Amino acid sequence: MEPAPWALKKTFDRELLKSVPSTIKSIQQIMEGPSAERRNALFLLQLGLEHFHPLIAGLLWVMGLDAIFDSHGRNDFKKKLCGCLGASTDALPGWKTVEEIAVPLYTLRSKLAHGVDLRKAASDPKYPVDLIEKHTLPDSSEQVPYALLLSEAACYLLCQVLQKE
């Protein structure tokens, strides 16, 4: 697995190591539990982590979120994601909030799933999102297309949702 740029900023420290046993227990509970949606979300998390292309990984992670929420469109997805994690929760530490990226995240998923040129997302009449526009994460000088940051945030958010649900 190749970690994404934000993930590389987090050191593998004592606090993280202490959380491993409870994480393993949570994963076992999901895999042995009655919810196929949660198992599917966990499989999609794994597949995204194993995929070499960051946008396809992001698609898989948003699919994982959607598997849990069973949302009906962008606004329902936003409502459920914000309801689960809190609208003002950071999508990535020190970056945009869940509320700010929920619709763009779902839009990215839709454009990728339907094979639409990502450059066309900025001129979408209903939900314009400039997925090509360059953004930077806190503590970084590297500018990255918004679509890549959204993909990375999807992994982070899916992990949080799996921990809460």
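Residues numbered from 1 in each chain as written. Predicted model: local features only at pLDDT ≥ 70, side-chain atom pairs only at ≥ 80, totals over all residues. Heavy atoms only, no water.

**Describing unusual backbone geometry**
Phase 1 of the analysis: One non-glycine residue with positive phi stands out, namely Asp70, at about 50 degrees.
Phase 2 of the analysis: Tracing the sequence through the fold places Asp70 in the loop between helix H4 (54–69) and helix H5 (74–85). (Helix = DSSP H or I, 4+ residues; strand = E, 2+ residues; numbered from the N terminus.)

**So, the nonpolar core**
Phase 1 of the analysis: Ranked by internal contacts, the top residues of the largest apolar core, which has 42 residues, are Leu65, Leu81, Trp95, Ile101, Leu105 and Leu131.
Phase 2 of the analysis: When contributions to this core are tallied by element, the ones reaching two or more residues are helix H3 (36–50), H4, H5, helix H6 (98–113) and helix H7 (146–164).
Phase 3 of the analysis: Looking at which element gives the most residues to this core, the answer is H7, with eleven residues.
Phase 4 of the analysis: Each residue touching Ile101, except ones within four places of it in the same chain, is listed here: Ala91, Trp95, Lys96, Tyr146, Leu150, Ala153 and Leu157. (Core = buried A, V, L, I, M, F, W, Y, C linked by side-chain atoms within 4.5 Å. Buried < 20%, exposed > 50% of the residue type's maximum accessible area, 1.4 Å probe, protein only. Contact = heavy atoms within 4.5 Å.)

**Some details on a nonpolar patch on the surface**
Phase 1 of the analysis: Taken together, the side chains of Leu17, Val20 and Ile24 make up a nonpolar region of the molecular surface, amounting to roughly 230 Å² of accessible area.
Phase 2 of the analysis: Within the element layout of this structure, Val20 appears in helix H2 (residues 14–32).
Phase 3 of the analysis: Classification of Val20 by relative accessible area gives partly exposed; the value is 32%. (Patch = residues over 30% accessible without salt bridge, like charges linked within 9 Å, V, L, I, M, F, W, Y side chains within 5 Å. Areas by Shrake-Rupley, 256 points an atom, 1.4 Å probe, with all protein chains shown as cover. Salt bridge = Lys/Arg side-chain N within 4 Å of Asp/Glu carboxyl O.)

**A look at the environment of Gly94**
Phase 1 of the analysis: Along the chain, Gly94 falls in the loop between H5 and H6.
Phase 2 of the analysis: Assessed through its relative accessible area of 52%, Gly94 is described here as exposed.
Phase 3 of the analysis: For the pair formed by Gly94 and Gly73, sequence separation is 21 residues and the distance between their alpha carbons is 27 Å.

**Observations regarding the packing of aromatic side chains**
By convention here, two paired aromatic rings are described through the distance between centres and the angle between planes.
Phase 1 of the analysis: Scanning the entire structure with this criterion turns up three aromatic pairs.
Phase 2 of the analysis: A centroid spacing of 6.1 Å and a plane angle of 65 degrees characterise the contact between Trp95 and Tyr146, whose relative ring orientation is edge-to-face. With Trp95 in the loop between H5 and H6 and Tyr146 in helix H7, this pair connects stretches of sequence that are 51 residues apart.
Phase 3 of the analysis: In this structure Trp95 comes out as buried when scored by relative accessible area, which is 11%.
Phase 4 of the analysis: When its relative accessible area of 6% is taken as the criterion, Tyr146 is described as buried.
Phase 5 of the analysis: Each residue in the set Phe69, Phe77 and Tyr106 is aromatic and connected to the rest through ring pairs, giving one cluster. (Phe/Tyr/Trp six-rings, centres within 6.5 Å; stacked < 30°, edge-to-face > 60°.)

**Some points on the packing of H4 against H6**
Phase 1 of the analysis: Where H4 contacts H6, the two axes come as close as 9 Å, and the packing angle between them is 115 degrees. Between H4 and H6 the crossing geometry is left-handed. Together, Leu55, Leu59, Val62, Leu65 and Asp66 of H4 and Leu105, Tyr106, Arg109, Leu112 and Ala113 of H6 make up the contact between the two elements. (Axes fitted to C-alpha atoms, helices over the stretch in contact; angles between N-to-C directions. Left-handed = near helix turned anticlockwise from the far one by under 90°.)

**A look at the pattern of salt bridges**
Phase 1 of the analysis: Within this structure, the stated rule accounts for five salt bridges.
Phase 2 of the analysis: Note that Arg109 and Asp66 form a salt bridge whose closest N and O atoms lie 4.0 Å from each other. Of this pair, Arg109 sits in helix H6 while Asp66 sits in helix H4; the two residues are 43 residues apart in sequence, bridging distant segments of the chain. The pair formed by Arg109 and Asp66 is uniform in burial state, with each residue classed as buried.
Phase 3 of the analysis: A salt bridge links Lys111 to Asp124; its shortest N-O distance comes to 2.7 Å. Taken together, the residues span a long stretch of sequence, with Lys111 in helix H6 and Asp124 in the loop between H6 and strand S1 (134–135) at a distance of 13 residues. Residue Lys111 shares its accessibility class with Asp124, and that shared class is buried.

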